[in-house]
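Examination of the molecular architecture
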Number of protein chains: 2
Amino acid sequence: MQKRKTLENRDPLLQAVATRIRALREGKGIAQEVFAYEAGIDRSYYGGIERGKYSPTAINLAKIAVALDVEVGELFPGREELVVLLTSHN
Amino acid sequence: MQKRKTLENRDPLLQAVATRIRALREGKGIAQEVFAYEAGIDRSYYGGIERGKYSPTAINLAKIAVALDVEVGELFPGREELVVLLTSHN
DNA sequence: CTGTGACTCTTAGTCCGTA
DNA sequence: CTACGGACTAAGAGTCACA
């Protein structure tokens, strides 16, 4: 995938997405544990997503967006920012 | 992941995303080969995405959206349709 | 120009447990 | 309630060759 080191993923794009997801979940005042269950994904893995550790697939992004009751697009930064995030590193 | 059959991915959500991506690319009148190169991903792998074979990760979705010059959200169906697609199968 | 099979390697994703 | 680690399985990432 993103030829990355096995430990500690610090991809800025993932961090941006992670932060948005966490903010939306906390906005609903619901715990990771409960939210992950509702979204139908593992709590441990979901926690990793909020920490920017994983690059969730289209299907899981859709599950999360639905559970958060928002559009998938709201989980990502805008086009302009994406360009920066994608070119700022690898 | 999606506790699904090992061969032939026919997830309706992936098909929906795949169709949108293909339509957008063709709208630009550009070949898979050229587009994949611009997006920085392998031609063969990219072809698989357009066939709904893979559930691309957040990072690849971002690369594709940027190359298509659209928002990531435009690659996904709206919330209402997502609910249907996510519950219509597994 | 695109679809696929085959293959290798890495990561997504699950499950358990502990601080 | 959240972070994180280990162990493991399934699937994505990436490349080639050929129809």
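Look up: the structure comes first, before these words.
Quick look at the structure, then. (Residues numbered from 1 in each chain as written. Chains lettered and ligands numbered in written order. Predicted model: local features only at pLDDT ≥ 70, side-chain atom pairs only at ≥ 80, totals over all residues. Heavy atoms only, no water.)

From N to C terminus, chain A includes 5 helices and 0 strands. Moving toward the C terminus, one meets the helices and strands of chain A in the order α-α-α-α-α. Counting every position in chain A, which comprises 90 residues, the buried fraction comes to 46%. For chain A, the exposed surface amounts to about 5000 Å²; the carbon and sulfur share of it is 51%. (Helix = DSSP H or I, 4+ residues; strand = E, 2+ residues; numbered from the N terminus. Buried < 20%, exposed > 50% of the residue type's maximum accessible area, 1.4 Å probe, protein only. Areas by Shrake-Rupley, 256 points an atom, 1.4 Å probe, with all protein chains shown as cover.)

On to the relation of the copies chain B and chain A. With an axial shift of 0.0 Å and an RMSD of 0.2 Å, the rotation relating chain B to chain A amounts to 180 degrees. When the rotation and shift are considered jointly, the pair of chain copies conforms to a two-fold rotation axis. (Least-squares fit on C-alpha atoms with pLDDT ≥ 70 in both.)

All names here are of chain A. Scanning all chains against the criterion turns up 10 salt bridges over all chains. Of the charged contacts, one joins arginine 25 and glutamate 26 as a salt bridge, the two residues approaching to 4.0 Å between their closest N and O atoms. For arginine 25, a relative accessible area of 7% puts it in the buried group. Each member of the salt-bridge network shares a partner with another, and the members are Arg22, Arg25, Glu26 and Glu50. (Salt bridge = Lys/Arg side-chain N within 4 Å of Asp/Glu carboxyl O.)

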